[in-house]
Amino acid sequence: MWLGMRWGGQTNPQTVALVQGLVKEGAVGELRRCFGSRMEFGTAGLRAAMGPGISCMNDLTIIQTTQGFCKYLEQCFGQCLKERGVVVGFDARAHPPSGGSSRRFASLAAAVFTCRGVPVHLFCDITPTPFVPFAVSHLGLCAGVMVTASHNPKQDNGYKVYWENGAQIVPPHDKGISVAIEANLEPWPESWDITSLSHCPLLKDPFQDIHTEYYRTIQQHCHHRDINKSSEVKIVHTSVHGVGHAFVQSAFKAFDLRPPYAVEEQKDPDPEFPTVKYPNPEEGKGVLTLSFALAEREGATVVLANDPDADRLAVAEQQKGGQWRVFSGNELGALLGWWVYRCWKQTNPDQSTVKSVYMLASTVSSKILRAIALKEGFHFEETLTGFKWMGNRARELLDQNKIVLFAFEEAIGYMCGSAVLDKDGVSAAAIAGEMTSYLAAKNITLSQQLTAVYEEYGYHITKNSYFICHDQEVIRAMFDRLRHYGNQEDVSYPRQCGGVAITAVRDLTTGYDSSQADNKAVLPSSPSSQMITFSFSNGGVATMRTSGTEPKIKYYTELCAAPGNRYKHTIYYTELCAAPGNRYKHTIYYTELCAAPGNRYKHTIYYTELCAAPGNRYKHTIYYTELCAAPGNRYKTHTHTQYVHILYMHTHTAVL
């Protein structure tokens, strides 16, 4: 049966009861799902549903993972591990049916480390994810573990790992840890004993020290304290039932900002996330409904939102017509990048040092930082998707005495400065608060400033989204079709799309890059994930990839214009098809951007079509949006959205 039951029944009794119930019910399918295959440990650590079995997050799999991680650390650091130690943090997630929770999992991880003589700095209470990498760097530790599933659904949990440099692990550490886990599956006798932690001399609580030092450190990004003190700007903050409330309040206090109004219904941690379908502020207005209501009652014009572990930040602003604009991750990246550089420039009048300044972004994020860097004279670099790559690259640059001012990813992740080598929604919230106060003092809104950034450095128009797909064969077929376009047996990528020539293809699954002389990609490639980027003759770029932590097929598109060039007319069109008989048969993404010569008249169309093969339920879905303004009128917009679902079989017909 289950390994944990075989080893003396020392597992969580609630988890055991779940297994016994499934056996009694004859739930073979569910048992197979739970016990059929082990979770794979990767650079993102682990992330899965809490529950019984080796495919889920539970006491046993946490112990096995930590035993493997501990063994790997012993191999890498030797006796030094017992001198420096590790840090363990956790969020507020819990799963009563299985008895699992982030707090319990963190305690079990601590018990494993201490039974091997490793000092553990275990936070006594819930903490934001960025506090763990900060603690690794501040305390000079060998590694860190954060138990969190970030913004995943409520049943999920995760195990995130940081290396001694304060950044998330990258290859080959993931493979080394995975091998060590497989070699240490049987629980050590002391691994289950969390009661011993109460009197363990190897256990320390870093909460107060890290709390004090973190807020002292982020004050280096506070540049307008006098304005902050006098500002009348009203801001609403929501932690979306996560850990962020108290920490963001403290960050605002550290900046002498007026405390943000807290959304009462979402202020306190609640693992059920009762007021939202998905606890992810990246989803936009659906998550922010209560925040908008509070803002309108209090007369606030800006909303800040953290995800449940407070490493991401979303920002929304009320427009003149009363409607709310939720800034995309790329738009907020443009604003924060502009602001951080502006503040640095004002405090560093010697412009010779600008050559040592760097900003980073993931390859699927907007290239707006590249445009700013080209004009201002600092360096911009892009990395693979994920802060593990940006954090490690930042560490390399810091070791070369470079200045890393800012890094971001389009999935609302921001690293302001280099004290935390990961995305940090707490410091970003305070910095966004100061930026808002400063601009308000000059009677400038965030939206107006974003337009000013684009006017100065060039318009960067992006559209990103995703489709849910749980079937790996469907995903494989879709990407294989792009690699063998036109039913070619040999590798053959599309040469045009929507009448626009494709000038370059980069496939980071296979390592191919047609823009390089040797056709080999510069960025690291990985056959375990799908990622293809197309560059177009009109300057458009489109990337499609799979997610490492969610069942999503993501797409990212961007159109860039040179500074001062307001006349833009570009069509971008992408089609993804799977083999006949597969459920997700057809995907179209189409964008048109244009402006009348000499003015700001803009016209944007976003059109998506999903079609399934005959016999599948969802035959036809159309999503269509049009935004337009009258000539010379910059802010008027009209939006039309239409959803059509046909649940029966007929020949394909356009419904628009």
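What you see is a predicted model, and the numbers here were worked out from it, not measured in a lab. (Residues numbered from 1 in each chain as written. Predicted model: local features only at pLDDT ≥ 70, side-chain atom pairs only at ≥ 80, totals over all residues. Heavy atoms only, no water.)

A separate point is the overall build of the chain. Summing up its helical and strand segments, the chain has 19 helices and 29 strands in all. Looking at the 656 residues of the chain, the share that counts as buried comes to 56%. Taking as baseline every contact in the chain between residues at least 6 positions apart, the subset at least 24 positions apart corresponds to 65%. If you sum the accessible surface of the chain, you get close to 27,100 Å²; carbon and sulfur atoms cover 51% of it. (Helix = DSSP H or I, 4+ residues; strand = E, 2+ residues; numbered from the N terminus. Buried < 20%, exposed > 50% of the residue type's maximum accessible area, 1.4 Å probe, protein only. Contact = heavy atoms within 4.5 Å. Areas by Shrake-Rupley, 256 points an atom, 1.4 Å probe, with all protein chains shown as cover.)

Another point: helix H16 (residues 387-399). Taking 1.5 Å of rise per residue, 13 residues should cover 18 Å, and H16 covers 18 Å from first to last C-alpha, within 8% of that figure. Buried within H16 are the following residues: Phe387, Lys388, Met390, Gly391, Asn392, Ala394, Leu397 and Leu398. Check the buried side of H16 and you find it contacts strand E14 (357-362), strand E15 (379-383), strand E16 (403-409) and strand E17 (413-416). Backbone geometry just downstream of H16 places Asn401 in the positive-phi region, at approximately 65 degrees. (Expected span 1.5 Å × (residues − 1).)

Now for the pattern of salt bridges. The tally for this structure, following the rule as stated, stands at 31 salt bridges. The residue Asp311 makes a salt bridge to Arg312 at a minimum N-O spacing of 3.8 Å. Here Asp311 falls in the buried class, since its relative accessible area comes to 1%. Taking the relative accessible area as the measure of exposure, Arg312 reaches 10% and is therefore buried. For the salt bridge of Glu376 with Lys345, the shortest nitrogen-to-oxygen distance reads 3.3 Å. (Salt bridge = Lys/Arg side-chain N within 4 Å of Asp/Glu carboxyl O.)

What follows deals with the nonpolar core. Core analysis: the largest hydrophobic core is formed by 132 residues, its most contacted members being Phe69 and Phe406. Among the elements that line this core, the one with the most residues is helix H14 (residues 329-347), at 10 residues. Excluding residues within four positions of it along the chain, Phe406 makes contact with Gly333, Leu336, Gly337, Val340, Tyr358, Met359, Leu360, Leu369, Tyr414, Met415 and Cys416. Counting 19 residues, the second largest nonpolar core, distinct from the first, contains Val474, Tyr493, Cys497 and Ala542. (Core = buried A, V, L, I, M, F, W, Y, C linked by side-chain atoms within 4.5 Å.)

Another point: the sheet that holds strand E12 (residues 313-318). In sheet architecture, strand pairing relies on hydrogen bonds along the backbone and comes in two forms, parallel and antiparallel. Taken in spatial order, the 5 strands make up an open sheet running E10-E9-E11-E12-E13, and their pairing is mixed. Two strands in the sheet have a free side with no partner beyond their single neighbour: strand E10 (261-262) and strand E13 (324-326). Sheet topology note: the E12/E13 ladder contains 3 bridges and is antiparallel. Bridging across to E13, Glu317 finds its partner in Arg325. Against the sheet, helix H13 (residues 285-298) contacts strand E9 (235-238), E10, strand E11 (302-306), E12 and E13, and its axis sits at roughly 135 degrees relative to E13. (Pairing = 2+ DSSP bridges. Axes fitted to C-alpha atoms, helices over the stretch in contact; angles between N-to-C directions.)

Let's shift gears to unusual backbone geometry. The linkage connecting Pro171 with the following residue, Pro172, adopts the cis geometry, with an omega of 10 degrees. With respect to the helices and strands, the residue Pro172 is situated in the loop between strand E7 (156-162) and helix H8 (173-182). The backbone of Val240 sits at a positive phi, close to 50 degrees, despite the residue not being glycine. By the secondary structure assignment, Val240 is in the loop between E9 and helix H11 (244-254). For Val240, a relative accessible area of 0% puts it in the buried group. Notably, Asn401 is not glycine yet its phi reads approximately 65 degrees, a positive angle.

On to the side chain of Asn306, then. Looking at the secondary structure, you find Asn306 in strand E11. With relative accessibility at 0%, the residue Asn306 sits in the buried group. In this structure the side chain of Asn306 is engaged in a polar contact, spanning 3.1 Å, whose partner is the backbone oxygen of Gly425. Discounting residues that sit within four places of it in the chain, Asn306 has contacts with His237, Thr238, Ser239, Val240, Val248, Pro281, Arg312, Leu313, Gly425 and Val426. (Polar contact = N/O pair within 3.5 Å; in protein donor to acceptor, adjacent residues only side chain to side chain.)

Taken N-terminus to C-terminus, the directions of H14 and helix H18 (residues 446-457) make an angle of 80 degrees; their axes are 10 Å apart at the nearest point. Between H14 and H18, the crossing angle belongs to the class labelled roughly perpendicular. Contacts between H14 and H18 pair Glu331, Ala334, Leu335 and Trp338 from the former with Leu446, Gln449, Leu450, Val453, Tyr454 and Tyr457 from the latter. Residues belonging to the contact of H14 with H18 are distributed by class as follows: 8 nonpolar, 1 polar and 1 charged. (Parallel < 35°, antiparallel > 145°, perpendicular 65-115°, else oblique. Nonpolar A, V, L, I, M, F, W, Y, C, P; charged D, E, K, R; others polar.)

Of the two faces of E17, the one carrying Gly413 and Met415 and the one carrying Tyr414 and Cys416 are both buried. As judged from the 4 bridges shared by E16 and E17, these two strands associate in the antiparallel manner. In the sheet register, Phe406 faces E17, and the bridge partner there is Cys416. Connecting E16 to the next strand, E17, in antiparallel fashion are 3 residues, including Ile412 with a positive phi near 50 degrees.

Turning our eyes to something else, we now look at the pairing of strand E20 (residues 500-507). In terms of burial, E20 is a largely internal element, 6 of the 8 residues being buried. Of the pairings in the sheet, the one linking strand E19 (residues 496-497) to E20 comprises 2 bridges and is antiparallel in character. Bridge assignment links Cys497 to a residue of E20, and that residue is Val500. In this antiparallel pair of consecutive strands, E19 and E20, the connection spans 2 residues, and Gly498 shows a positive phi of 60 degrees. Two elements, E20 and strand E22 (residues 531-536), share 5 bridges in a ladder whose sense is antiparallel. Considered in E22, the bridge of Ile502 is made with Phe536. Bridge count between E20 and strand E21 (residues 512-513): 2 bridges; the pairing is antiparallel. Within the sheet, the bridge partner assigned to Arg506 lies in E21 and is Asp513.

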